[in-house]
Amino acid sequence: MRAVVQTVGRAGVTVDGDVVGAIENGLLVLLGVTHTDTLQIAQTMARKVHELRILDGERSAADTGAPILVVSQFTLYGDARKGRRPSWTAAAPAEVAEPLVTAVVEALRERGATVETGRFRAHMLVESVNVGPQTLLLDL
């Protein structure tokens, strides 16, 4: 499982003209799933994201109550080392990825996090205003 975590002043996801998820002053998490990921890895990713000391004053979303926007992002497993056309073979198929993305979201909520999401399998417009900017890659 792979995540790009960004500190944001605001972030939102729009699908077909409707805002389906939006936050202010929190974390935007672009989340990718690969074939070998498990529920255990999803739990670990949720803990890492929630406790990641990336906010001002080396604080975490767990410390501050900052909201988290989770957006599924299969392209995090794209491979463009050969040629110009990326291969997506390392990304898990939607039937595998969707339950694991949902598991991360549920685990974050169980930890007390306020979580918004994008919409799986939809053409999403993701907007963000990065703070800092601070961006971190988590690769489990």
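Refer to the structure presented above.
We now turn to the structure provided with this report. (Residues numbered from 1 in each chain as written. Predicted model: local features only at pLDDT ≥ 70, side-chain atom pairs only at ≥ 80, totals over all residues. Heavy atoms only, no water.)

**Overview of unusual backbone geometry**
Then, number 1: That bond from Gly132 to Pro133 is cis: its omega, -15 degrees, falls within 30 degrees of zero.
Then, number 2: Despite not being glycine, Glu58 has its phi angle at roughly 55 degrees, a positive value.
Then, number 3: Counting through the fold element by element, Glu58 comes out in the loop between helix 1 (39-51) and helix 2 (61-64).
Then, number 4: Of note in this structure, Arg121 is not a glycine but carries a positive phi near 65 degrees.
Then, number 5: Tracing the backbone through its elements, the reader meets Arg121 in the loop between strand 4 (115-117) and strand 5 (125-139). (Helix = DSSP H or I, 4+ residues; strand = E, 2+ residues; numbered from the N terminus.)

**With respect to the pairing of strand 2 (residues 18-32)**
As a general feature of sheets, a regular strand has side chains that alternate between the two faces.
Then, number 1: The sheet contact formed by strand 1 (residues 2-15) and strand 2 spans 13 bridges and is antiparallel. The residue bridging Val5 from the neighbouring strand is Val29, located in strand 2.
Then, number 2: The turn joining strand 1 and strand 2, which pair antiparallel and follow one another in sequence, is formed by two residues; a positive phi near 50 degrees is taken by Asp16.
Then, number 3: Pairing of strand 2 with strand 3 (residues 68-72) involves five bridges; the strand directions are parallel. Across the sheet, residue Val29 finds its bridge partner in strand 3, namely Val70. (Pairing = 2+ DSSP bridges.)

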